Each structure stands twice: as structure tokens, then as C-alpha cells.
Amino acid sequence: MLNSDDTLDTQAALRRANLRRALQLVFSEPGVQTRAGIARATGLTAATASSLVAELIDLDLIVDGEQAASTGGKRATTLTIDASRHLIVVVVIRPSEAALALVALDGTVVESRRISYAPSSRDAVLDEAVARIAAEYAGRLLVVGVQLPGTTDGRRVLESVQLDWTDVALADRLERAIGVPVLLVNDVDAEAIAEAAREDEAAGYRLFVHLGTGIGAAVTLDGELAPGPRDRAGEIGHVQVQFGDDARACRCGRRGCLEAVASMTAMLGDDVDDAMDEAAIAVLAASADERRLVVGARALAGSIRLIAAVLDAREVVIGGPARALGDRFLRLVQSEIDYPAMGTVGVSVRYSAADASISTGVAQVALSRALGVRWSPAQLRPASVAAP
Ligand SMILES: [Zn+2]
């Protein structure tokens, strides 16, 4: 809506840029921001700020809120996010099921549903679920964010081993079913964005490593994803880290891959699967072979150390089911990383937040794409708790 570039008219482009700035100021401080505050922050006149606000209210993006605290003169009316009209559709696709959620502009989940399918019926079941949402919420849908395990350029699924998809034009297909823009996001990228979006201080590079039955990574810079020109950044799972006779066989057919040594399967055995809850994985972790954990932690730490040194990363976050490995594993990884390497600065490693919603990241990407704005960390923390 505010991001369309179908005009070369510079006046209109300037107006759109100012609308986005004003909207971001309300998104950053919903219920606190005022027209006067927008004028001050943008350097625009009070009349221009008021006219921007009027247009944003017309578009059902913001509404007048409560009266602001008195500062001596007339009390100003605050502005807040209009959560009553526009909805972001989030679709999280996994091999045998998908979670769908409708997210309001203030980040709260309005409704969520689950569908399941066999690989052969997946396309048809997905299309039907999306078409049903299109019919039920006609006129209210803004954009669709689809999260999936696999590489994507945002429009096509380039490759997904888990879904057995190669070069699938998924965004085009779903857009025909739902009638609003659809964008595709890799699942590890979405996790990394959700994590970065919760930070008050998102400056600098952060390395996010998803550790489950597979291993993937994502890099964010100042809270935004750094996907790489070929959309393959972070595909570290099948990089060889073990050499010689000790190199373990990997499911990809090669030997010595990071996944073959440091995935949850490599460390805890074949009983692990990504759908297990934290308690079930913790039980497996309690009886895990210490040597396997140490070898896994060492391989992971070695890879993290190199990437963090290249990026001068502020922090490394380990996400996914690995949190169930607990402090014991984290300490092993951190102690390997703390090994002093000349010229490098230490980097701290932690697990991702337990209450981070799976849909927050992809919803944030969709919101940015549609309106050019981001939720404030304070907005996301309580909102994400209720999400699927
Ligand atoms: Zn491999």
C-alpha cells in the first residue's frame, strides 16, 4: 500500500515516504505518539503532520487513542495502531502439516488454524485452506507471509529437501488463490528475524544458528536479514568440518558435514525429531553420550567461531529444539568459543527466547513488505506469547 512504486511522480513518492515515517513513529510508540510528536520527529509542519495522520486514519492503519498526559496546555490526543481492519496471513509449512494464523496490525494473533496432509495432497490442501481464508476475510487481507524449510528468493522455492520441492513457483500459485501479495521466507531466516525483532538494541551483525535434526544459520544486520545475493546465505549444514577416517557419514551422502556431527540427531540419536517438545528432548539429552555432545559442541563452536570472527558478530543465538539440551551444552559451546584466538574479540552465545512465536518473524517480514514499517520490541514481546 505504502510501498507501491507504480508512479514516477516525485511528489507522490515523497508523500509516501512521509506517510511511512509517520506510520513508523506510531508503530514505535503506539498509544504514546501524537501529531505534535510526529511533527517534531520529522521536522514537518504541524499542518503536514496532521494531514499525514488523517490519511493514515483513512487507510485504517492508525486510530486516535487516549488523551496524552497534560503538559500544561491543551491535552493532545495520542495515536495508536488500528488493529480492527487489516490482517496479515501467516502460513508456516512443514512436511506433514501447516499452521495458519491471522495477525492484526498490532501483532496480536486473531485466529490460528492447523491443517495436515500427506505429501501427495499437500498442494491441494494448502490451496484450499488459503482460498477459504480469502473468502472468510475478504477485503481485510493485506499480505501473506509463508515460512518454509528450504531456500527461496521470496517468490519461488528454490530447493526444499524436506518438502521435496525444487523450483516451485509457490508465491504465484497462492496469489491466484488469495488475491493479495504473497512472499516466501526461509524458516531459519524467519526465526532469526523474530529473535532480532525482540531486541531493543538490534545494531550490528548477529548470527542465528538453528540447531535441530538439521542445521541452518542466518545473519541479521541492524535487525534486517542479510540473505546474500543468491539467497543461500546460512546454508552451513552440509559444509565439511570433519576430515579423514573419523569423518562421519551424513544423510546427504557425503562425509564429515556439520550436520553429521552437531545436529540433534548426531548428538542424541535417531529418536529425535523436530516435532518433539522440549521435555521429551530433555529426557533424551539427560541420557546422551557425553562424548557425542562434546564432539558436537566442538564442531559447532569451531564453525561459529569462524563466522563470528568474519562478521565481528555482537552475539550468537542458538535456536530450534537445541534449547532442550540445556546449560550443559551451552557451556560446552561457549568454552570452545572462548578459546583465545589472536586478534578476535569474544562473542557470547545464548539460546533463543523460549516464548518467541514461530509466526513473529514471517509476520514482521510481511509487515515490512506491505507497509515499510516494523513493530517495536515492546509490542512484540507480549504479542508473541499468544501466537501459535
Ligand atoms: Zn551432509
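On a predicted model such as this, the values are computed, not experimentally measured, just so you know. (Residues numbered from 1 in each chain as written. Predicted model: local features only at pLDDT ≥ 70, side-chain atom pairs only at ≥ 80, totals over all residues. Heavy atoms only, no water.)

**Regarding the overall build of the protein chain**
- Per the secondary structure count, the protein chain includes 13 helices and 15 strands.
- The C-alpha radius of gyration of the protein chain comes to 23 Å, within 12% of the 21 Å expected for a compact globule of 388 residues.
- Expressed as a percentage of the 388 residues in the protein chain, the buried residues total 47%.
- Long-range pairs, those at least 24 residues apart, make up 60% of the contacts in the protein chain between residues at least 6 apart in sequence.
- For the protein chain, the exposed area adds up to about 18100 Å²; of that, 52% sits on carbon and sulfur atoms.
- For the protein chain, the distance from the average site of its 39 positive side-chain charges to the average site of its 51 negative ones is 2 Å. (Helix = DSSP H or I, 4+ residues; strand = E, 2+ residues; numbered from the N terminus. Rg over C-alpha atoms; globule rule 2.2 N^0.38 Å. Buried < 20%, exposed > 50% of the residue type's maximum accessible area, 1.4 Å probe, protein only. Contact = heavy atoms within 4.5 Å. Areas by Shrake-Rupley, 256 points an atom, 1.4 Å probe, with all protein chains shown as cover. Lys, Arg positive; Asp, Glu negative; His and termini not counted. Charge placed at Lys NZ, Arg CZ, Asp CG, Glu CD.)

**Some words on the pattern of salt bridges**
- Throughout the structure, instances matching the rule amount to 22 salt bridges.
- With a shortest N-O distance of 2.7 Å, Asp-167 and Arg-156 are connected by a salt bridge. Taken together, the positions of Asp-167 in strand 9 (residues 165-168) and Arg-156 in the loop between strand 7 (151-152) and strand 8 (157-160) put the pair 11 residues apart, joining distant regions of the chain.
- Overall, the relative accessible area of 31% leaves Arg-156 in the partly exposed class.
- Glu-195 serves as the salt-bridge partner of Arg-350, at 3.0 Å between the closest nitrogen and oxygen. Of the two residues, Arg-350 sits in strand 15 (residues 348-351) while Glu-195 sits in helix 6 (residues 187-197), which places them 155 residues apart along the sequence.
- Salt bridges sharing partners connect three or more residues here, namely Glu-195, Arg-206, Glu-315 and Arg-350. (Salt bridge = Lys/Arg side-chain N within 4 Å of Asp/Glu carboxyl O.)

**Points about the coordination of the zinc ion**
- On the protein side, the zinc ion has His-238 (ND1), Cys-250 (SG), Cys-252 (SG) and Cys-257 (SG) as donor atoms, found 2.0 to 2.3 Å from it.
- Around the zinc ion sit 4 donor atoms; with metal-centred angles ranging over 103 to 122°, the donor geometry is tetrahedral.
- Within one chain, the residues serving as donors to the zinc ion are arranged as H-x11-C-x1-C-x4-C. The pair formed by Cys-250 and Cys-257 is uniform in burial state, with each residue classed as buried. (Donors = N, O, S within 2.8 Å, 3.2 Å for Na, K, Ca; no water. Tetrahedral: all angles 85-135°; square planar, octahedral: opposite > 155°, others 65-115°.)

**A short note on the domain arrangement of the protein chain**
- By domain assignment, the protein chain separates into domain 1 (4-81), domain 2 (87-191 + 357-383) and domain 3 (203-351).
- Each side of the interface is counted separately: domain 2 has 10 residues, and domain 3 has 15 residues.
- Taken over both partners, the interface formed by domain 2 and domain 3 buries close to 980 Å², and the fraction arising from carbon and sulfur atoms is 48%.
- Area buried by domain 2 at its contact with domain 3 is led by Val-188, Asp-189 and Glu-191, which between them contribute 48% of it.
- Linking domain 2 to domain 3 there are 1 salt bridge.
- Of the charged contacts in the structure, one is a salt bridge between Glu-224 and Arg-374, with a shortest N-O distance of 3.0 Å.
- In this structure, the connection of domain 2 to domain 3 is made through 3 residue pairs in polar contact (both at pLDDT 80 or more).
- Looking at the side of domain 2 that touches domain 3, the elements with two or more residues in it are strand 7, strand 8 and helix 6.
- Sorting elements by how many residues they give to the side of domain 2 that touches domain 3 places helix 6 first, with 3 residues. (Domains from an automatic or database assignment. Buried area = accessible area lost by both parts, 1.4 Å probe. Polar contact = N/O pair within 3.5 Å; in protein donor to acceptor, adjacent residues only side chain to side chain.)

**Let's talk about the packing of aromatic side chains**
- Under the definition given, this model contains 0 aromatic pairs.
- Arg-122 extends its terminal NZ or CZ atom over the ring of Trp-165, reaching a point 5.3 Å from the ring centre. (Phe/Tyr/Trp six-rings, centres within 6.5 Å; stacked < 30°, edge-to-face > 60°. Lys NZ or Arg CZ within 6 Å of the ring centre and 35° of its normal.)

**Considerations on the environment of Ile-304**
- Looking at the secondary structure, you find Ile-304 in helix 10 (residues 290-311).
- Taking the C-alpha atoms as reference points, Ile-304 and Phe-208, 96 residues apart in sequence, are found 9.6 Å from one another.
- Contacts of Ile-304, omitting those with residues within four sequence positions, involve Leu-207, Val-209, Val-316, Val-333 and Ile-337.

**A short note on the pairing of strand 12 (residues 215-221)**
- With 6 of 7 residues buried, strand 12 is to be regarded as a mostly interior element.
- Sheet topology places strand 11 (residues 205-211) next to strand 12; 7 bridges connect them, and they run antiparallel. Paired with Tyr-205 across the two strands is Leu-221, which belongs to strand 12.
- Alignment of strand 12 against strand 13 (residues 224-225), held across 2 bridges, turns out to be antiparallel. Bridge assignment links Thr-220 to a residue of strand 13, and that residue is Leu-225.
- What sits between strand 12 and strand 13 in their antiparallel hairpin is a turn of 2 residues, with Asp-222 showing a positive phi close to 50°. (Pairing = 2+ DSSP bridges.)

**Quick word on the sheet that holds strand 4 (residues 97-104)**
- One open sheet holds the 5 strands; their spatial order is 5-4-3-6-10, and the pairing between them is mixed. Every interior strand has two partners, whereas the edge strands, strand 5 (109-116) and strand 10 (182-186), have only one. Taken pair by pair, the neighbouring strands of this sheet meet at an average axis angle of 20°, ignoring direction.
- In this sheet, strand 6 (residues 141-148) lies alongside strand 3 (residues 87-93) in parallel orientation, the contact comprising 6 bridges. Following the sheet pairing, Val-89 is matched in strand 6 by Val-144.
- Across the sheet, helix 6 lies against strand 6 and strand 10, angled at about 90° from strand 10, the strand it touches most.
- In this fold helix 12 (residues 360-371) packs onto strand 3, strand 4, strand 6 and strand 10, with an angle of close to 140° to the strand it touches most, strand 6. (Axes fitted to C-alpha atoms, helices over the stretch in contact; angles between N-to-C directions.)

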